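# Chain and residue survey
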Amino acid sequence: MRKIKFLSLTIILISLSACAQKKTDEKVVEQDNEFKKKTNEEWKKELSALQYDVLREKGTEQAFTGEYWNNHEKGIYYCSGCHQELFNSETKFESGTGWPSFYKPIKENLVSVGTDNSYGMVRDEVVCGRCGGHLGHVFPDGPKPTGLRYCLNSVSLKFEKK
């Protein structure tokens, strides 16, 4: 019984830490010229400290603390860095991870996916296709029809009701 409890706790901790990140080792998107020209100082003026850490430094917010992990309203989720639409609430689902999760973006080219080798793991990092802001990670354990789980930081998103 103790082994089962230990194994269950280990699985939960691994799945929660799977969305945690800090740095990636490669550039994953060719950014829009308007946003490519922005300096770190310009981004710092436009974003909150947490938004800057997540979007520009590839940080993360703690599980179950973000504004949208438990949001059930209908609408569109936008990038909080450049206001590009990214995900529709119709594709949002309860993943149990403490971060908002979606099974697909509105259009595939709105996000880019690259490799993140941080924390001794290999994960697929998701970034905004326009400004290159770090959004989170995508995993192959989501629901049908895609089987994908886009596990995102709330702070990297802005939500607008329909």
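A brief look at the structure comes next. As the structure is a computational prediction, the values presented were derived from the model and not from experiment. (Residues numbered from 1 in each chain as written. Predicted model: local features only at pLDDT ≥ 70, side-chain atom pairs only at ≥ 80, totals over all residues. Heavy atoms only, no water.)

Before going further, it helps to spend a moment on the overall build of the chain. From N to C terminus, the chain includes 4 helices and 9 strands. Mapped from its N terminus to its C terminus, the chain presents α and β elements in the order α-α-α-α-β-β-β-β-β-β-β-β-β. Looking at the chain residue by residue over its 162 residues, the buried ones come to 47%. Entry remark: accessible area of the chain is about 9000 Å², with carbon and sulfur atoms responsible for 54%. (Helix = DSSP H or I, 4+ residues; strand = E, 2+ residues; numbered from the N terminus. Buried < 20%, exposed > 50% of the residue type's maximum accessible area, 1.4 Å probe, protein only. Areas by Shrake-Rupley, 256 points an atom, 1.4 Å probe, with all protein chains shown as cover.)

So, about the packing of aromatic side chains. Per the stated rule, a full pass over the model turns up 7 aromatic pairs. With centroids separated by 5.0 Å and ring planes inclined at 85°, the aromatic side chains of Phe64 and Trp69 adopt a geometry described as edge-to-face. Taking relative accessible area as the criterion, Phe64 reaches 42% and is therefore assigned partly exposed. A centroid spacing of 4.7 Å and a plane angle of 50° characterise the contact between Tyr77 and Phe159, whose relative ring orientation is tilted. In this pair, Tyr77 sits in strand S1 (residues 75-79) while Phe159 sits in strand S9 (residues 157-161), placing the two residues 82 residues apart along the sequence. Across the pair, exposure class does not vary: Tyr77 and Phe159 are buried alike. (Phe/Tyr/Trp six-rings, centres within 6.5 Å; stacked < 30°, edge-to-face > 60°.)

One pass over the full model with this rule turns up 0 disulfides. For the unlinked cysteine Cys128, the closest cysteine sulfur is that of Cys82, found at 3.5 Å. You can see Cys131 has no disulfide; the closest cysteine sulfur is in Cys79, sitting 3.6 Å from it. Look at Cys131 and you get buried, because its relative accessible area is 1%. (Disulfide = S-S within 2.5 Å.)

Moving on: the sheet that holds strand S4 (residues 101-102). Taken in spatial order, the 6 strands of this open sheet run S3-S4-S8-S7-S6-S5, and their pairing is antiparallel. What marks the edges here is a single partner per strand, and that holds for strand S3 (92-93) and strand S5 (111-116). Sheet topology note: the S4/strand S8 (residues 149-152) ladder contains 2 bridges and is antiparallel. Bridged to Phe102 within S8 is Tyr150. (Pairing = 2+ DSSP bridges.)

This part is about the environment of Lys58. Along the polypeptide, Lys58 turns up in the loop between helix H4 (49-55) and S1. On the basis of relative accessibility, which here comes to 17%, the residue Lys58 falls in the buried class. Note: C-alpha distance between Lys58 and Gly136 (78 residues apart in sequence) is 8.3 Å.

Across the chain, the bulk of peptide bonds are trans and the bulk of non-glycine residues have phi less than zero. A cis amide bond links Lys144 with the next residue in sequence, Pro145, at an omega value of 15°. Looking at the element boundaries, Pro145 is found in the loop between strand S7 (134-139) and S8. Even without glycine at this site, His83 takes up a positive phi of about 65°. Within the secondary structure layout, His83 lies in the loop between S1 and strand S2 (85-88).

If you trace the backbone, His137 turns up in strand S7. Judged by relative accessible area, His137 falls into the buried class, the value being 0%. A distance of 2.7 Å separates the side chain of His137 from the side chain of Asp116, its partner in a polar contact. (Polar contact = N/O pair within 3.5 Å; in protein donor to acceptor, adjacent residues only side chain to side chain.)

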